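So you can see what is in the structure, the chains are spelled out below.
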Amino acid sequence: QVQLVESGGGLVQAGGSLRLSCAASGRTFSDYAMGWFRQAPGKEREFVTFISRSGGSTYYADSVKGRFTISRDNAKNTVYLQMNSLKPEDTAVYYCAATRGGPLRAQSGYDYWGQGTQVTVSS
């Protein structure tokens, strides 16, 4: 089992920044690729970004490319999501997820999920 706990969400004005963290425990963190997903009110959960086990490979949804950056610190068992130039449409609950191997842009590819952290961007 892997336990994931997100933090860092909050209320920010459009154009501002937030940094989300996801702390993992329970298994060897570096064995897992990590992803971030989000779910806006009334919408389905959608892929945001993922990072490979070593951190050497990342991928972003077009909607966040150039604004969001995913990173990880395997020594701290933590993955981060730096979000810049935030827009009201980024408002959502953000979830981190872990997988040992699966389609990294699909929810079904992930084995473990955090409880989510709310991000609200005001206009």
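Please refer to the structure placed before this passage.
Quick notes on the rules
- Residues numbered from 1 in each chain as written.
- Predicted model: local features only at pLDDT ≥ 70, side-chain atom pairs only at ≥ 80, totals over all residues.
- Heavy atoms only, no water.
- Helix = DSSP H or I, 4+ residues; strand = E, 2+ residues; numbered from the N terminus.
- Buried < 20%, exposed > 50% of the residue type's maximum accessible area, 1.4 Å probe, protein only.
- Core = buried A, V, L, I, M, F, W, Y, C linked by side-chain atoms within 4.5 Å.
- Contact = heavy atoms within 4.5 Å.
- Polar contact = N/O pair within 3.5 Å; in protein donor to acceptor, adjacent residues only side chain to side chain.
- Phe/Tyr/Trp six-rings, centres within 6.5 Å; stacked < 30°, edge-to-face > 60°.
- Lys NZ or Arg CZ within 6 Å of the ring centre and 35° of its normal.
- Salt bridge = Lys/Arg side-chain N within 4 Å of Asp/Glu carboxyl O.

A. Representation of unusual backbone geometry within the structure. Even without being a glycine, Asn77 presents a positive backbone phi close to 55°. Mapped onto the secondary structure, Asn77 falls in the loop between strand E7 (68-73) and strand E8 (78-83). With relative accessibility at 27%, the residue Asn77 sits in the partly exposed group. Even without glycine at this site, Ser85 takes up a positive phi of about 50°. Residue position: Ser85 is located in the loop between E8 and strand E9 (92-99).

B. Representation of the nonpolar core. Within the largest apolar cluster, 35 residues are counted, with the highest numbers of intra-cluster contacts made by Leu4, Met34, Trp36, Met83 and Tyr94. When residues of this core are traced back to their parent elements, those giving at least two are strand E3 (18-25), strand E4 (33-39), strand E5 (46-51), E7, E8, E9 and strand E11 (117-122). Setting aside chain neighbours within four positions, we find Leu4 in contact with Cys22, Ala23, Ala24, Met34, Cys96, Ala97, Ala98, Tyr112, Trp113, Gly114 and Gln115.

C. Focus on the side chain of Thr99. Among the secondary structure elements, Thr99 is positioned in strand E9. There is a polar contact of 3.0 Å between the side chain of Thr99 and the backbone nitrogen of Gly101. In this structure Thr99 touches Asp31, Tyr32, Ala33, Leu104, Gly109, Tyr110 and Asp111, once residues within four positions along its chain are discounted.

D. Quick look at the packing of aromatic side chains. A full pass over the atoms with the stated rule returns eight aromatic pairs. Aromatic pair Phe47 and Phe50: ring centres 6.0 Å apart, planes at 50°, arrangement tilted. Here the two residues Phe47 and Phe50 agree in accessibility, since each one is buried. Members of the aromatic cluster, connected to one another through ring pairs, are Phe37, Phe47, Phe50, Tyr59, Tyr110 and Trp113. Over the face of the ring belonging to Tyr32 we find Arg100, whose NZ or CZ atom lies 5.7 Å from the ring centre.

E. Quick peek at the pattern of salt bridges. Scanning the entire structure with this criterion turns up five salt bridges. Lys65 is paired through a salt bridge with Asp62; the nearest N and O atoms lie 3.1 Å apart. Judged by its relative accessible area of 66%, Asp62 is exposed. The salt bridge involving Arg67 is made with Asp90; its shortest N-O contact spans 2.7 Å. Residue Arg67 is found in the loop between strand E6 (58-60) and E7, and its partner Asp90 is found in the loop between E8 and E9; the two are separated by 23 residues along the sequence. For Arg67, a relative accessible area of 11% gives the class buried. Residues joined in a network through salt bridges with shared partners are Arg38, Glu46, Arg67 and Asp90.

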